[in-house]
Amino acid sequence: MTKSSRHIHHIHRHPGYSYPVHLHQRLYSLVLVPLLTIGLAAVVFSGVGSVGHISVFSLLGALTLSVIRLTVAFGFALVLSLPLALWINKSPTTERILLPTFDILQSVPVLAFFPVVIVFFVKFQFLEGAAVFIVFINMLWNLVFSLVGGLRLIPGDIKSAAQVFGINRLAYFRRVLIPSVFPYLVTGSLLAWAEGWNMLIVAEVLHTYLPGSSSSSDLFGIGSLMVHAASSGQSGVFIAAIITMIIAIALMNFFIWQKLLHYAERYRFE
């Protein structure tokens with residue numbers, strides 16, 4: 001293998017950019033991200049057990065609840081996205097019908113029907129479900145369209161070889177389909193979580209969409225904490241909540257997404 005081919009092999013190919021994975025090329029993640037995280041953590045925990053008018057334990061509790069909501073929503077989106085992508089990719093007819101339909105649904109602002117969603121979940125006294133559902137919808141389309149793109153790029157000779165060797169559907173799903181779309185699943189998941197963090201700030205502040213309700217109807221989490229701090233002029237709490245969220249996102253990016261992107265590269269078709 002030549003030097004140039006080794007270099008090509010160690011570059012992540014994503015639409016629009018290359019992702020370096022050489023050790024010397026990843027100093028920004030191996031050095032700067034941990035330093036940034038430590039620096040931000042030092043700011044957050046510089047007080048004696050509290051920042052502004054909120055304790056560190058409350059900050060961590062809010063972050064934990066928010067991450068749980070994101071994880072549950074992502075789990076539902078993950079389970080549903082692959083069947084939907086396979087349904088779209090089933091035939092040219094289903095693709096012509098479903099792809100534009102899903103594209104329109106993706107384009108509809110999620111907050112447009114959020115009040116209806118909340119009213120539905122209020123009937124069952126399940127406000128947690130309303131927040132999870134709205135984040136789930138926001139995550140779903142990133143996964144679906146990423147998987148559809150991955151399914152299209154499976155080489156025809158791979159599919160033909162599976163038919164020639166008589167691989168059954170379960171074996172084809174496990175040994176061909178899942179490995180083939182895994183890189184696109186990782187990319188879609190990264191985008192889905194980014195959308196989830198954005199939507200979480202709105203999804204936890206439910207009283208805005210419930211007539212006659214107060215902030216007591218909101219869900220405790222890092223998103224609602226930021227909104228309440230901003231509206232009440234508690235700049236210290238607001239800054240602490242933002243920094244806490246940045247630390248969480250940086251840690252997830254460094255310890256989860258970068259490693260998954262690197263691992264998924266081995267499944268890409270060259």
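Worth saying up front: this structure is predicted, and the values here are computed from it rather than measured. (Residues numbered from 1 in each chain as written. Predicted model: local features only at pLDDT ≥ 70, side-chain atom pairs only at ≥ 80, totals over all residues. Heavy atoms only, no water.)

## Focus: the overall build of the protein
This is how it is decided: Each helix is a run of H or I in the DSSP string that is no shorter than four residues. Each strand is a run of E no shorter than two, and both are numbered from the N terminus. The classification of residues rests on relative accessible area computed with a 1.4 Å probe and restricted to protein chains. Under 20% of the type maximum is buried, over 50% is exposed, and intermediate values are partly exposed. Here a residue-residue contact requires only that any non-hydrogen atoms of the pair lie within 4.5 Å. Residue exposure ignores everything except the shown protein chains as possible cover, and the areas themselves are Shrake-Rupley values with a 1.4 Å probe.
Check the secondary structure of the protein and you find ten helices and four strands. Element order for the protein, N to C, with α for helix and β for strand: α-β-β-α-β-β-α-α-α-α-α-α-α-α. With 270 residues in all, the protein has 40% of them scored as buried. Taking the intrachain contacts of the protein between residues at least 6 apart in sequence as the baseline, contacts between residues at least 24 apart amount to 71%. Surface summary for the protein: the accessible area is close to 14,900 Å², and the carbon and sulfur share equals 70%.

## Re the pattern of salt bridges
How we decide: By salt bridge we mean one thing: a side-chain nitrogen of Lys or Arg within 4 Å of a carboxyl oxygen of Asp or Glu.
Evaluation of the coordinates by the stated rule reveals three salt bridges. Across the salt bridge formed by Arg69 and Glu204, the nearest N and O atoms sit 2.8 Å from each other. Taken together, the residues Arg69 in helix α3 (residues 56-88) and Glu204 in the loop between α8 (169-203) and α9 (222-232) connect sequence positions 135 residues apart. In this structure Glu204 comes out as buried when scored by relative accessible area, which is 0%.

## Structural notes on the packing of α8 against helix α10 (residues 235-264)
Two packed helices can be described by the angle between their axes and the distance between those axes. Heads up, the condition is: In this analysis, axes come from line fits to C-alpha atoms, helices being fitted only over the stretch in contact, and the angle between any two N-to-C directions falls in the range 0 to 180 degrees. Here is the rule for angles: anything less than 35 degrees is roughly parallel, anything more than 145 is roughly antiparallel, 65 through 115 is roughly perpendicular, and the remaining ranges are oblique. Classification used: nonpolar for Ala, Val, Leu, Ile, Met, Phe, Trp, Tyr, Cys and Pro, charged for Asp, Glu, Lys and Arg, polar for all others including Gly.
At their nearest, the axes of α8 and α10 sit 9 Å apart, and the two run at 170° to each other. As judged from the angle between their axes, α8 and α10 are roughly antiparallel. Here Phe182, Pro183, Val186, Thr187, Ser189, Leu190, Trp193, Trp197 and Ile201 of α8 lie close against α10, whose contacting residues are Met245, Ala248, Ile249, Met252, Trp257, Leu260, Leu261, Tyr263 and Ala264. Tallied by class, the residues present in the contact of α8 with α10 amount to 16 nonpolar, two polar and no charged.

## A few points about helix α5 (residues 114-123)
The condition is simple: As used here, the arc is the angular range of directions from the helix axis to the C-beta atoms.
Among the residues of α5, those classed as buried are Phe114, Val117, Ile118 and Phe121. End-on view of α5: buried residues confined to an arc of 100°, all on one side of the axis. Exposed and facing more than 90 degrees away from the buried side of α5 are Val116 and Lys123. Of the surrounding secondary structure, the elements contacted by the buried residues of α5 are α6 (127-152) and α8. Gln125 occupies a position one or two residues after α5 and carries a positive phi of about 55°.

## Digging into the nonpolar core
Here is the rule we go by: To form a nonpolar core, buried Ala, Val, Leu, Ile, Met, Phe, Trp, Tyr and Cys residues must be joined to one another through side-chain atoms within 4.5 Å.
Phe114, Val135, Met139, Trp193, Trp197, Ile222 and Leu225 are the most contacted members of the largest nonpolar core, which totals 58 residues. At the level of elements, α3, α4 (92-107), α5, α6, α8, α9 and α10 are the ones that each hand at least two residues to this core. No other element matches the 15 residues that α6 contributes to this core. For Phe114, the residues in contact, after removing those within four places along its chain, are Ala130, Ile134, Val202, Ala203, Leu206 and Tyr209.

## Comments concerning the environment of Met139
Residue placement: Met139 occurs in helix α6. A C-alpha to C-alpha distance of 7.9 Å links Met139 and Leu191, two positions 52 residues apart in sequence. Dropping the residues within four chain positions of it, Met139 is found in contact with Leu70, Ala73, Phe74, Ala77, Ala192, Trp193 and Gly196.

## Digging into α6
The criterion, for reference: What a helix should span is 1.5 Å times the count of its residues minus one.
With 26 residues, α6 extends 39 Å from end C-alpha to end C-alpha; this agrees with the ideal 38 Å at 1.5 Å per step. Burial analysis of α6 places 20 of its 26 residues in the buried class, the great majority of the element.

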